[in-house]
Amino acid sequence: MLRRRLNRLFGGDEKRVDSRTIYVGNRPCPATETFIPPKFCDNRIVSSKYTIWNFLPKNLFEQFRRIANFYFLIIFLVQVIVDTPTSPVTSGLPLFFVITVTAIKQGYEDWLRHKADSEVNKYPVRVLEDGQPARKDSEKIKVGDIVEVVEDETFPCDLILLQSSRDDDTCFVTTASLDGESNHKTHYTVPDMEKDLQSLSATIECEQPQPDLYKFVGRMHIYKPEHDPAVRSLGPENLLLKGATLKNTKKIYGVAVYTGMETKMALNYQGKSQKRSAVEKSINAFLLVYLCILISKAVVCTTLKYVWQSQDGQDEPWYNQKTEKEKGTILYVKMFTDFLSFMVLFNFIIPVSMYVTVEMQKFLGSFFITWDRDFFDPEIEEGALVNTSDLNEELGQVEYVFTDKTGTLTQNNMEFIECCIDGFQYTAFSSELDSFCVTDGPVSTFQEKAGREKEELFLRALCLCHTVQVKEAGPDELGGDQVDGPASEPLRPAEQRGFIASSPDEVALVKGAMRYGFTFLGLESKTMKIKNWQNDVEEYELLHVLNFDPVRRRMSVIVRSKSGDTLLFCKGADSSIFPRVRPEEVERIRMHVQRSATEGYRTLCVAYKRLSVDEYAAADAGLREARLALQDREEKLMAVYNQVETAMSLIGATAVEDRLQEEAAQTMEALQGAGMKVWVLTGDKMETAKSTCYACRLFRRSTELLELTVRTLESGGRRREEMLHDLLFDFHRKAVQDAPPARAGVNRSWSSANPEYGFIVDGAALALVMNPSPDTNCSRYRSLFLQICQNCTAVLCCRMAPLQKAQIVKMVKNSKGSPITLSIGDGANDVSMILEAHVGIGVKGKEGRQAVRNSDYAIPKLKHLRKLLLAHGHLYYIRIAHLVQYFFYKNLCFILPQFLYQFFCGCSQQPLYDAAYLTMYNICFTSMPILAYSLLEQQIAIEVLLDNATLYRDIAKNAMLRWGPFLYWTVLAVFQGLIFFFGVKYLFSNPALQDNGQVFGNWSYGTIVFTVLVFTVTLKLALDTRHWTWINHFVIWGSLAFYVVFSFFWGGIIWPFLKQQRLYFVFFNMLSSVSAWLVIILLIVLSLLPDILLGVLRKPRGPHTQQLSKESLLYVDRYGNGARRFPLAVTCSWRHSG
Amino acid sequence: MMASSYNIKEEDGHHSGSSGPGGNAVRTKKPDNTAFKQQRLPAWQPIITAGTVLPAFFIIGLIFIPIGIGLYVTSNNIKEFEIDYTGIDISSPCFNCSQSYSWNTTTSCTCSIPFSLDQPFESNVFMYYGLSNFYQNHRRYVKSRDDSQLNGNLDSLKAPSKECEPYRINENMPIAPCGAIANSMFNDTLDLFYIDPNGTRTPIPLMKTGIAWWTDKHVKFRNPGGSSSNLTAVFYGTTKPLSWPKPVYELDTDPENNGFVNEDLIVWMRTAALPTFRKLYRIIQKKNSLTPTLPRGNYTLDIVYNYPVRSFDGRKRMILSTISWMGGKNPFLGIAYISVGSVCFFLGVVLLFIHHKYGNRNNSSDIPN
């Protein structure tokens, strides 16, 4: 991996050849004198991180790279080496526990990856060996092997297609799991291939592996004994990619060119890097602060110690002589060990238990996602899946959502919705023959329907004007069809008739026509057969296909009917059809088209033209000439096309719906309401993607679209770079500079005064922006581009290669303020962006499991994203943020009295608390309540969170873990620590606290402080708890009770294994003193006072019942169903008001 | 105290059978519909609002202020008398003793300090000695003891813990009791005499038991060999701490108060929390209800001055104090209670004001007034 990257970096490396030579079938070729089998990597896919051998060292190394673990290791070592006030067990045991738990967890996860890998690697494939197919494991495929693949199998590696079972030397594949396009693509065998692969002797020379899915350059040399070697050029149309699936073709043979980690699919994966959540970064920042506090405390104490000792008689008074060993140590060594001792004494300020608790919280908390019944999808009978529990809270922090289109936003399932013939609208609800039902039409008093003639013409146009193929059924059936003739044959149900086309829209149109009674039967040797209403078969000779291209945005066919008429049928986008038809026809259709488009349907207009013999002859000649042209073929063709497609008459329009996922629009709306920016990244065509964006209401009618695509770049007739420059600056001016400054945080629906911008960019344009030619100032473009994107309400990136998707995510991720990004997708083409984003969500779609496997979370449907983010994410964030702050807080006020005590014990590192208390504080006395809190807390009820997406903004930008709240908690901790210590100190100005005159010693002092501490800290959490389930009650009161019981127990027995019975009956005696009781109560109340006070002054955020009902009412007013049903009306009214 | 909206969400966890018609027929991977797993546990959802906290503030204020006043009065009623007998000042009777210090002198220095009590001490009087700038809480000092030895363990008696260094072994004999704490045991003898108006010195009986925690005396500290009377034999083979004039088994003549269970030793072994501390020395028991324990008048404090404190700039005090239910005299607690109570009350008033003036939007209008 690294080597390759290096090689790519130093492209001019002389030793490295730019191409690889492959011996087909791994047989030596006559041209090369010496056959050296070249070394390529095998076909093994490795996604796991560890092996059995390197697990322990590698895992330990990775764990100790974590700053916290390393710190605890150091503390542990110091305790082992130096004479410290506490024993090494106090920090060694928790550390060992943490490391073990983490190692087990990671080991288990890696074991799962191993299993998944071996499933892929051991998949049986058939490799041609000596002419016979031999079964092999997929991982054993070598470069040069000839592999056999049958229908519906996925290709095990990148293959050059040598032979297909189809007659026309083609095969169909679907690359749905690679780039998201689920339509069938045609690939071709190498031209003039011999039939006998066994005797084939050939080499392939091709470029080194590169990740671009659509690029491949190679040459094939075919050696025949008596001929000169023939050379065939190879292109992407000959290359079958690993991960794609063979369709509609019985069997193919191909030679492996790229295997294993060098396949284009694998190259489009990105290295797995451990994702860190923003919370963890905050923890690390806080950790550094506390580390500074710790070190400064230790430094202060060490300094004071030596200042204090320099006074007469203080260092070594007669009653407290040093040991011989102490006397013998050098001063500086002593100072250093003293410093370390202080570090150890105060190290509890950074508790190892926080990491245990955080890990446990994340691990246990993620179960709530898998348990959630709302995520259960009855279709696939699965719920949500959590692959990484490290990122739960990140779900509450998302700022940018990158979504795939195909299969994620849409179901990738086109459906014919309605059409409009000659100004009359027909919906496709009825499937019966000859039952067009008119739902809506202008001035339909006189005539309810368009003329029958027109209807027939329209349907014929639909049946003819396409490039759809009928999926071949079994040979018997096919034969039957031909023999019986259509009249006697019962109509096959539409579902059984399979159509294959490069665009799913066309299939939808043909199917739509079928529903109205015009069935396309197939294309056979230039003859298209359709069956009309009378069940007669009409035959048309297909003369020319004027292909679709995105610039013209239309396609045409020229056919000749049986009667000898030459007809041109054209369908295309309204904008490209309207100028080419008679204007008087336009108005009647335009209204329908616009309305359909507003509904989010993909609309196409259908026009036709009767060609006279002369016209056809001219067109025919023009087309033939242009096709044969060697230079500027495209331009010449275009000119002829444009010439032919004029003066047509408009017949009607169609509306096709790419069915959105359930609640896709509502989900997107909720995400935008929550302040997230939604970007659609798709490999699909721009038109399709755009209409989906409209349907999802990412773009609205009022949205002004800024297009930066190949089309706009080339429209000006200037160089692309210049155009890019102009467009970028133009858009930047519009979207960034002219935008009113106060727009942040305002829901866009309300800011109707501002024009909304939607940005559309395609892969080629993006490539220009990202890697412009050297003479331009590239970084400037990037920042311009980014700024434009960030100021648009929605961004659509189409025609993206998988790596480009990741590139976009990366660009946003690394932009200013490093926003949290989320990628959601369902196909293998989304894997790289899923891996790149902070949070990767996989949709358990139809396109395989690649995305799910590589995601952090997997959900069955897009609509689940809403609850996942708005409810779960929000709650997790609040929980973990509180957890983190609370942990730092409770340890600061735990250690602060111990620090202050040093000033009163000659800075001698005397612990204030007993060792048992020091160890148990974080493990037992105060850990369970916060764990329960961090699992169960719902400050705002889930229903409210789901209804009010804006609540998500309250916690945006890591709101609860910024320095402000951190400072608050720290100040609170310092305040309480001071109160604990000095409160008890003033009490101890007279240590005779019992009614029998007996006095308390230093351990009583520590125990009183500790009791106040445990109670205050627990009650503080109780004050923060807004959701008291029985578990909270149990754990909070239980841990307080446990503390009391433990203290009794610990002080009630002379423990034989203890060197000192420090706490013997200390707790009991403390409780027998009224003063101790009084001071404990007083200090607890005083410590909690500021928090209560602040709770009053702070605006209540809780789910107040009245407030709740009011808010949800408001919500209905604003977003209510009315708005959902009539988006147009609503947007219009906003526009007018603005 | 808190406005609570007890919100029980419909708990459909216990009749999941009704969720779907074919629910129980096929065991799907559908998550269980339990309240816990669906995060729908019934919960009490308290909210801190001005309305709920205001009464709490008033109640705290109303409770704390009387308690504080009570504490303050109690503390003021405790009588305390304190004498510094370190002998820093030349005019002090103990000046000579404090100057001529050496550990190994057999003849001890005595001095006596006269004082007078203006008020009679009515109930039991507790006699403390106080030390200042004496770091009993120094880490090296605190850990320098062997509780197992003090608990009567014979092994530890002969082989004291390493923690006792450098007070562990002297002349190849284990020290009993070992360690710095025991070694530095307070060994001044304080005696109190009442000077009658006619000039006669009446010794005041000082009780030397009951000054240590009961559990310390009876469980934590035990003489080796159980309650056998022959302590000398038990301690054979050990040596006295360096600073002690006599071995541990000669601390007292009363066998119940000798050896490790000597209460002076036990009291001393409970290390003080702060460098300035007091420890209970003797108790003056009230004789009868008619006469005060210490009537007003003149007294003399006779001191056998053994304990050196000048080397570390320390002070020695003798304190006479009566005791109440809250212990010794300490005005801090009373003052603290009064101030916290007042602050709460004051905050309550302020909040009430704010709440009435600005809190109209808030719909919790159930504030008592």
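Everything numeric in this text was worked out from a predicted model, so none of it was measured.

1. A short note on the environment of A689 of chain A
All names here are of chain A.
Phase 1: Here A689 is to be found in helix α21 (residues 686-695).
Phase 2: For A689, a relative accessible area of 0% puts it in the buried group.
Phase 3: Each C-alpha atom, one on A689 and one on N547, is 20 Å from the other, the two residues being 142 residues apart in sequence.

2. Topic: the confidence of the model for chain B
All names here are of chain B.
Phase 1: A residue-level look at chain B finds 86% of positions with pLDDT of 70 or above and a mean pLDDT of 84.
Phase 2: Low pLDDT, under 50, characterises residues 1-27; the predicted model gives this stretch 34 contacts beyond four residues in sequence or across chains.
Phase 3: Every residue in residues 361-369 scores below 50 in pLDDT, and together they form 10 contacts with partners more than four places removed in sequence or on other chains.

3. Focus: the pairing of strand β8 (residues 189-195) of chain B
All names here are of chain B.
Phase 1: Where β8 lies against strand β11 (residues 297-305), seven bridges are found, and the strand directions are antiparallel. When the sheet's bridge partners are listed, F193 is paired in β11 with T300.
Phase 2: As paired elements, β8 and strand β9 (residues 201-203) share three bridges and run antiparallel to each other. Directly across from F193, in β9, lies its bridge partner P203.
Phase 3: In this antiparallel pair of consecutive strands, β8 and β9, the connection spans five residues, and G199 shows a positive phi of 100°.

4. Some points on the UniProt feature "transmembrane region" (unreviewed entry) in chain B
Residue and element names in this part refer to chain B.
Phase 1: Residues given the UniProt feature "transmembrane region" (unreviewed entry) here are residues 47-73 and 332-354.
Phase 2: The span residues 47-73 is 89% helical and 4% strand by assignment, and the distance between its end C-alpha atoms comes to 39 Å.
Phase 3: The span residues 332-354 shows a helical share of 100% and a strand share of 0%, and its end C-alpha atoms are spaced 32 Å apart.

5. Considering unusual backbone geometry
With glycine set apart, most residues show a phi of negative sign, and most peptide bonds adopt trans.
Phase 1: With an omega of -5°, the peptide bond running from E165 of chain B to P166 of chain B counts as cis.
Phase 2: Mapped onto the elements of the fold, P166 of chain B is located in the loop between α5 (154-158) and β6 (169-170).
Phase 3: For the bond from A176 of chain B to P177 of chain B, the omega torsion is -10°, close enough to zero to count as cis.
Phase 4: Its place among the elements puts P177 of chain B in the loop between β7 (173-174) and α6 (180-183).
Phase 5: The backbone of S818 of chain A sits at a positive phi, close to 30°, despite the residue not being glycine.

6. Examining the interface of chain A and chain B
Interface size is commonly expressed as the accessible area that is lost once the parts come together.
Phase 1: In this complex, chain A contributes 99 residues to the contact, which on the side of chain B involves 94 residues.
Phase 2: Interface area, chain A with chain B, both sides summed: about 8500 Å², of which 60% is carbon and sulfur.
Phase 3: Contact with chain B buries area across many residues of chain A, yet W318, Y319 and R373 of chain A alone supply 11% of it, more than any other trio.
Phase 4: In this structure, E943 of chain A engages R40 of chain B in a salt bridge whose closest nitrogen and oxygen atoms are separated by 3.2 Å.
Phase 5: Summed over the shared surface of chain A and chain B, the number is 36 residue pairs in polar contact (both at pLDDT 80 or more).
Phase 6: If one sorts the elements of the side of chain A that touches chain B by residue count, helix α38 (residues 1074-1097) of chain A sits on top with 14 residues.
Phase 7: Among the residues making up the side of chain A that touches chain B, the classes are represented as 47 nonpolar, 35 polar and 17 charged.

7. What to know about the packing of aromatic side chains
Phase 1: By the definition in use, this model includes 93 aromatic pairs over all chains.
Phase 2: Where F888 of chain A meets F966 of chain A, the ring centres are 6.4 Å apart and the plane angle is 85°; that geometry is what we call edge-to-face. Here F966 of chain A lies in helix α34 (residues 963-987) and F888 of chain A lies in helix α29 (residues 864-902), a separation of 78 residues in the sequence. For the pair formed by F888 of chain A and F966 of chain A, the shared burial category is buried.
Phase 3: Ring geometry for F1049 of chain A and W1055 of chain A: centres 5.3 Å apart, planes at 80°, overall edge-to-face.
Phase 4: The residue whose ring lies beneath K297 of chain A is F346 of chain A, and the NZ or CZ to ring-centre distance is 5.7 Å.
Phase 5: The ring of Y281 of chain B carries R282 of chain B above its face, with NZ or CZ at 4.0 Å from the centroid.

8. Some details on the confidence of the model for chain A
All names here are of chain A.
Phase 1: The pLDDT averaged across chain A works out to 79; a share of 84% of its residues lies at or above 70.
Phase 2: Within the model, pLDDT remains below 50 along residues 1-16, and this stretch shows eight contacts once partners closer than five positions in the same chain are excluded.
Phase 3: Residue range residues 430-448 is modelled with pLDDT below 50. Its contacts to residues more than four positions away, or to other chains, number 32 contacts.

9. A look at the sheet that holds strand β1 (residues 19-23) of chain A
All names here are of chain A.
Phase 1: Ordered by their spatial adjacency, four strands build an open sheet running β1-β8-β9-β10, and the pairing between neighbours is antiparallel. Looking at the sheet topology across the chains shown, the edges are occupied by β1 and β10 (230-234). Averaged over all adjacent pairs, the angle separating strand axes in this sheet is 20°, with direction ignored.
Phase 2: Sheet topology places strand β8 (residues 202-207) next to strand β9 (residues 218-222); five bridges connect them, and they run antiparallel. Note on β9: the bridge partner recorded for I204 is M220.

10. Points about helix α10 (residues 331-358) of chain B
Phase 1: When the terminal C-alpha atoms of α10 of chain B are compared, their 40 Å separation across 28 residues agrees well with the 40 Å that a helix rising 1.5 Å per residue should span.
Phase 2: All buried positions along α10 of chain B are accounted for by L333, G334, A336, Y337, V340, G341, C344, L347, G348, L351 and H355 of chain B.
Phase 3: Here the buried face of α10 of chain B lies against α34 and α38 of chain A together with α1 (50-77) of chain B.

11. What about the pairing of strand β5 (residues 158-164) of chain A?
All names here are of chain A.
Phase 1: The buried fraction of β5 amounts to seven of the seven residues, a majority that puts the element mostly inside the structure.
Phase 2: One ladder, built from six bridges, connects β5 with strand β13 (residues 251-258); its direction is antiparallel. Its bridge partner lying in β13, I160 is registered against V255.
Phase 3: Where β5 and strand β11 (residues 239-240) come together, two bridges link them in antiparallel fashion. Pairing of L159 across the sheet is with L240, part of β11.

12. Examining the environment of R270 of chain B
Phase 1: Its location among the elements puts R270 of chain B in the loop between α9 (263-269) and β10 (277-284).
Phase 2: The buried category is assigned to R270 of chain B, whose relative accessible area is 9%.
Phase 3: Considered as a pair, R270 of chain B and T239 of chain B are 31 residues apart in the sequence and their alpha carbons are 22 Å apart.
Phase 4: Every residue in contact with R270 of chain B, bar those within four places of it in the chain, is listed here: V999, G1001, Y1064 and V1066 of chain A together with Q136, W213, D216, K220 and K279 of chain B.
Phase 5: Looking at R270 of chain B, its side chain comes within polar contact range of the side chain of D216 of chain B, at 3.1 Å.

Here is what the cut-offs are and how they apply
What you see as residue numbers is a count from 1 along each chain, following the sequence as written. Chain A is the first chain written and ligand 1 is the first ligand written, with later ones labelled in order. Owing to the predicted nature of the model, reporting of local features is limited to residues with pLDDT of at least 70; listing and counting of side-chain atom pairs is limited to 80 or more, with chain, interface and lining totals taken over all residues. Hydrogens and water are ignored here; the side-chain numbers use all heavy atoms of the structure. Note on conventions: DSSP H or I runs of at least 4 residues are helices, E runs of at least 2 residues are strands, and numbering of each starts at the N terminus. We call a residue buried when its accessible area falls under 20% of the maximum for its residue type, exposed when it is over 50%, and partly exposed in between, using a 1.4 Å probe and counting protein chains only. pLDDT: the predictor's confidence for each residue, scored from 0 to 100. It only takes one pair of heavy atoms within 4.5 Å for two residues to be counted as in contact. In this description, strands pair whenever DSSP reports at least two bridges between them. UniProt positions are given in the numbering used here, feature names are shortened, and annotations may be inferred rather than shown by experiment. Buried area adds together the accessible area that both of two parts lose upon being put together, with accessible area traced by a 1.4 Å probe. Here a salt bridge means any side-chain nitrogen of Lys or Arg lying within 4 Å of a carboxyl oxygen belonging to Asp or Glu. Two N or O atoms form a polar contact when they lie within 3.5 Å of each other; inside protein one atom must be a possible hydrogen donor and the other a possible acceptor, and for residues adjacent in sequence the pair counts only when both atoms belong to side chains. Three categories are distinguished: nonpolar for Ala, Val, Leu, Ile, Met, Phe, Trp, Tyr, Cys and Pro, charged for Asp, Glu, Lys and Arg, and polar for the others, with Gly belonging to the last. Pairing of aromatic rings covers Phe, Tyr and Trp, the last counted by its six-membered ring, and requires centre-to-centre distances within 6.5 Å; plane angles under 30 degrees mean stacked, over 60 mean edge-to-face, and any other angle means tilted. Any Lys NZ or Arg CZ that is within 6 Å of a ring centre and within 35 degrees of that ring's normal is treated as a charge sitting over the ring. For helices, the fitted axis covers only the stretch in contact; all axes are lines through C-alpha atoms, and the angles between them, taken along N-to-C directions, range from 0 to 180 degrees. Expected helix span is taken as 1.5 Å per residue step, with the number of steps being one fewer than the number of residues.

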